[in-house]
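Each chain is listed here by its residues.
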Amino acid sequence: MRHYCTYLDINYIVRFLALAESLNQHEREYHIYALCLDNQSTKILKILKPNHISLIPLTDLEAFDLKLFSTKPKRHLVDYYQTVTPCYLLYIFESFPTINQLTYLDPDIYIFSDPTPVFDEIGKSSIALVPNNFSPNREAQKHHGKFGVSWLTLRRNKHALNALNWFRDKCIEWCYDRIENNKYGDQGYLELLAKTFPNVVQLNRPGIILGAWNIDNFQLNYVDEIIVVSGYPIISFHFQGVWADQSNQFDCELPENYEKHGSIITNQIYHTYCKYLFKILSRIQASWPEVNLKRIQRYDLPALLDSQKQLLWSLETVGNVPWNRKKELNAIEEFHQIYTMRPIKDNSGGVLAPHAFALWFMARELAPEVIVESGIFKGMTTWLLENACPDAKIISIDVHLDSREYISENVQYVDQDFSTQDWSNVATTKSLVFFDDHQNAYDRIQQCKKFGFKHIIFEDNYPPLQGDCYSLKKIFAGSGLSLQRETFLVRNLYNIRHGRPVEAAEIKPNQKDAAKIREVLDIYYEFPPVFRKKSTRWGDEWSDHLYPTPKALMELPKKDTHSIYWNDATNYTWMCYARLK
């Protein structure tokens, strides 16, 4: 029996099942060990119970290798996944003593024919490596290393285990998805490993692993329904960069000369693979509609996020909120009548119906004597707060008061930042602060504690990878601040258009900020969306994996009065209430 292993998360579960199905077609006796890197993939695979597969939760590996786990707070998700590779191989050898030979495969590999010729070439070698063989048009990628990690075969003997322990120690020391000092991730160590340890074989058979990076080196033919690579049947193809676009068509990174419709790589390789992907996806989505094949961005997510996702990222409620869901539902109709009288009909760029309802409702329930709002834009939120709390004193702050369309004679206006004011005569247990200024929520919490404010509402409580400020949701996720899918980390974001204050300092992914905030929090509550649509305000799928969200108050509109919430539903951004101890 041949033993294989790989690892996957929810974004690669469909690809993994395609790999398993391809092995099932071409292997007589085999077994796959699947390391599940997140809870959701573990849950799905446990229910599906695929044949010939043993599931290994990431927590089991981390308990086995505490040094691996110690790197987690310091690395992004992709970096950590690469660090896992040698640790995972050692874990399998230790946990399953009957395995004499183990082959690691990337989950987005697909087997096209019997792999026996590869194992014949490996013979009694301790370790088998596959060279990348970059095509001339991929010359720049040679810095990624001579060998790839996509296929690694190791035999249980002292040479392989010594090399594997060395490989593991190197990855614990440094393993990042970037080129640095002639190293690149986990595969940057393989060339040195081959030079350092005995009985390492380089596999040279054409077609062991083809990919977009080396396909130009080979001549492909299709003979008797077999794909032949320079005279040898293709063994496997590594489908890097294969994603579904918005139209559910595949976006594949192919060399230009292979993109024509009639080519072997298009018809016999990519079409075959994509057909299986869609077949598996359809089956999975019947029970788990959040699973998809769309391009995802994980490069600036902290590794610690996923294992603590249920505690941090998905955090919805801490403490006892002084109202309930039934009361929220009952207030929807009442608010509609108020909202129709709003003085600003087009509040684009400001709060829209779902958040307007949330602000009005929470303010009314809290019934503060004094309200301080920071960030008023056209003045819609000022009007909402006046309606919710007609007896409250309201102080409205904005560094650009000339944007106001609604101006109240009963409101005190201030054009200086919240942090610069003297609130000694205002901050009481009956005061409320509403922040809609896109500033650093960590700093705002500390300022409120210093001044003596207890009740706080944040409007744009952006999730990791989205939005332009350091929100509570990002703090709990430990993600730092990421902007426009690049690592652009600042302590207070300066936005020239809004004239926000400058206070630049790097926010790296960390867990310290979350711990500090939790120390001072008595209540944290994300107000639910009235409706939840399929897409977020950023145009991607509203997945529970990427965007954990409280259950919507209603599934679909039932009355004409519900249309105001339905039309603005995609603008929901996890508005939250926080009460300090």
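Residues numbered from 1 in each chain as written. Predicted model: local features only at pLDDT ≥ 70, side-chain atom pairs only at ≥ 80, totals over all residues. Heavy atoms only, no water.

(A) Spotlight on the confidence of the model for the protein chain. Taken residue by residue, the protein chain gives an average pLDDT of 87. The fraction at 70 or more is 88%. For the stretch residues 307-313, pLDDT sits under 50, and the model shows 22 contacts to residues farther than four places along the chain or on other chains. Considering only residues more than four positions removed or in separate chains, one finds that residues 483-505, a stretch of pLDDT under 50, has 56 contacts. (pLDDT = per-residue confidence, 0-100. Contact = heavy atoms within 4.5 Å.)

(B) Structural view of the sheet that holds strand 10 (residues 200-202). With respect to topology, seven strands assemble into an open sheet ordered 3-2-1-4-7-6-10, the strand pairing being mixed. Of all strands in the sheet, those with a lone pairing partner are strand 3 (53-57) and strand 10, marking the two edges. Here the average twist between neighbouring strands, direction ignored, is 20 degrees. Relative to strand 3, strand 2 (residues 30-36) is paired through five bridges, and the arrangement is parallel. (Pairing = 2+ DSSP bridges. Helix = DSSP H or I, 4+ residues; strand = E, 2+ residues; numbered from the N terminus. Axes fitted to C-alpha atoms, helices over the stretch in contact; angles between N-to-C directions.)

(C) Seen up close, the pattern of salt bridges. Evaluation of the coordinates by the stated rule reveals 16 salt bridges. Across the pair glutamate 62 and lysine 72 runs a salt bridge, and its minimum N-O distance is 2.7 Å. Here glutamate 62 is found in helix 3 (residues 58-64), whereas its partner lysine 72 is found in the loop between helix 4 (66-70) and helix 5 (77-95), with ten residues between them in sequence. Lysine 72 shares its class with glutamate 62; the two are buried. (Salt bridge = Lys/Arg side-chain N within 4 Å of Asp/Glu carboxyl O. Buried < 20%, exposed > 50% of the residue type's maximum accessible area, 1.4 Å probe, protein only.)

(D) Structural view of the environment of phenylalanine 64. Following the sequence through the fold, phenylalanine 64 ends up in helix 3. A relative accessible area of 38% means that phenylalanine 64 is categorised as partly exposed. Phenylalanine 64 sits 27 residues away from tyrosine 91 along the chain, and the two C-alpha atoms are 7.1 Å apart. Every residue in contact with phenylalanine 64, bar those within four places of it in the chain, is listed here: Cys87, Leu90, Tyr91 and Glu94.

(E) The arrangement of the side chain of threonine 83 in detail. Of note, threonine 83 is situated in helix 5. Here threonine 83 falls in the buried class, since its relative accessible area comes to 0%. Leaving out residues up to four positions away in the same chain, threonine 83 has contacts with Leu68, Thr71, Arg75, Cys171, Ile172 and Cys175.

(F) Spatial organisation of the sheet that holds strand 11 (residues 220-223). An order of 11-12-13 is seen for the three strands of this open sheet, with the pairing classed as antiparallel. Strands with a single pairing partner mark the edges of an open sheet, and in this sheet they are strand 11 and strand 13 (232-233). In the sheet, strand 12 (residues 226-229) pairs with strand 13 via two bridges, with the strands oriented antiparallel. Counterpart to valine 229 in the pairing with strand 13 is tyrosine 232. Docked against the sheet, helix 9 (residues 264-285) engages strand 11 and strand 12, running at close to 70 degrees with respect to strand 11.

(G) Layout of the nonpolar core. Ile13, Trp151, Phe237, Phe239, Ile269 and Val291 are the most contacted members of the largest nonpolar core, which totals 63 residues. Ranked by the residues each element gives to this core, the list is headed by helix 9, at eleven residues. Here phenylalanine 239 is in contact with Asp108, Tyr110, Phe112, Ile269, Tyr270 and Tyr273, once residues within four sequence places are set aside. Judged by nonpolar contacts, the second largest core, of 45 residues, contains Ile344, Leu359, Ala569 and Tyr577. (Core = buried A, V, L, I, M, F, W, Y, C linked by side-chain atoms within 4.5 Å.)

(H) Representation of unusual backbone geometry within the structure. Phi at asparagine 181 takes a positive value of approximately 55 degrees, unusual for a residue other than glycine. Along the chain, asparagine 181 falls in the loop between strand 8 (179-180) and strand 9 (183-184). Asparagine 181 sits in the exposed class, given a relative accessible area of 64%. The phi angle at serine 230 is positive, at roughly 50 degrees, despite the residue not being glycine. With respect to the element layout, serine 230 can be found in the loop between strand 12 and strand 13. Note on serine 230: relative accessible area 36%, which makes it partly exposed.

(I) Up close: the pairing of strand 6 (residues 127-131). Within strand 6, five of the five residues are buried, leaving the element largely enclosed by the surrounding structure. Alternating residues of strand 6 divide into Ile127, Leu129 and Pro131 and Ala128 and Val130, and every residue in both groups is buried. Here strand 6 runs beside strand 7 (residues 147-155); their pairing, made up of five bridges, is antiparallel. Its bridge partner lying in strand 7, isoleucine 127 is registered against leucine 154.

(J) Representation of the packing of aromatic side chains. Tallied over the entire structure, the rule returns 42 aromatic pairs. A ring pair is formed by tryptophan 174 and tyrosine 176, whose centres lie 5.4 Å apart and whose planes are at 70 degrees; its orientation type is edge-to-face. Ring pairing ties together the aromatic residues Trp323, Phe335, Tyr339, Phe357, Trp360, Phe361, Tyr525, Phe527, Tyr565 and Tyr577, which thus form one cluster. The ring of tyrosine 413 carries arginine 404 above its face, with NZ or CZ at 4.4 Å from the centroid. (Phe/Tyr/Trp six-rings, centres within 6.5 Å; stacked < 30°, edge-to-face > 60°. Lys NZ or Arg CZ within 6 Å of the ring centre and 35° of its normal.)

(K) Fine view of helix 14 (residues 441-451). Counting buried positions along helix 14 gives eight out of eleven residues, so the element sits mostly inside the fold. For helix 14, the secondary structure elements touched by its buried residues are strand 18 (370-374), strand 21 (431-435), strand 22 (455-458), helix 15 (472-477), helix 16 (512-520) and strand 24 (576-580). You can read the cap of helix 14 off the contacts: a side-chain oxygen lies 2.8 Å from the backbone nitrogen of tyrosine 442, and it is on asparagine 440. (Polar contact = N/O pair within 3.5 Å; in protein donor to acceptor, adjacent residues only side chain to side chain.)

(L) Spotlight on helix 7 (residues 158-173). Taking 1.5 Å of rise per residue, the 16 residues of helix 7 would be expected to cover 22 Å, and the 22 Å separating its terminal C-alpha atoms lies within 8% of that figure. Where helix 7 is concerned, the buried positions are Ala160, Ala163, Leu164, Trp166, Phe167, Arg168, Cys171 and Ile172. Regarding helix 7, its N-cap is asparagine 157, as a side-chain oxygen of that residue lies 3.2 Å from the backbone nitrogen of histidine 159 further along. (Expected span 1.5 Å × (residues − 1).)

(M) Structural detail: the packing of helix 11 (residues 325-339) against helix 12 (residues 353-366). Running from amino to carboxyl end, helix 11 crosses helix 12 at an angle of 110 degrees, the nearest separation of the two axes being 10 Å. The angle between the axes of helix 11 and helix 12 places the two elements in the roughly perpendicular class. Once helix 11 is placed against helix 12, the crossing between them reads as right-handed. Here helix 11 contributes Lys327, Glu328, Ala331, Ile332, Glu334, Phe335, Ile338 and Tyr339 to the contact with helix 12, which in turn contributes Ala353, Ala356, Phe357, Trp360, Phe361, Arg364 and Glu365. Broken down by class, the residue content of the contact of helix 11 with helix 12 amounts to ten nonpolar, no polar and five charged. (Parallel < 35°, antiparallel > 145°, perpendicular 65-115°, else oblique. Left-handed = near helix turned anticlockwise from the far one by under 90°. Nonpolar A, V, L, I, M, F, W, Y, C, P; charged D, E, K, R; others polar.)

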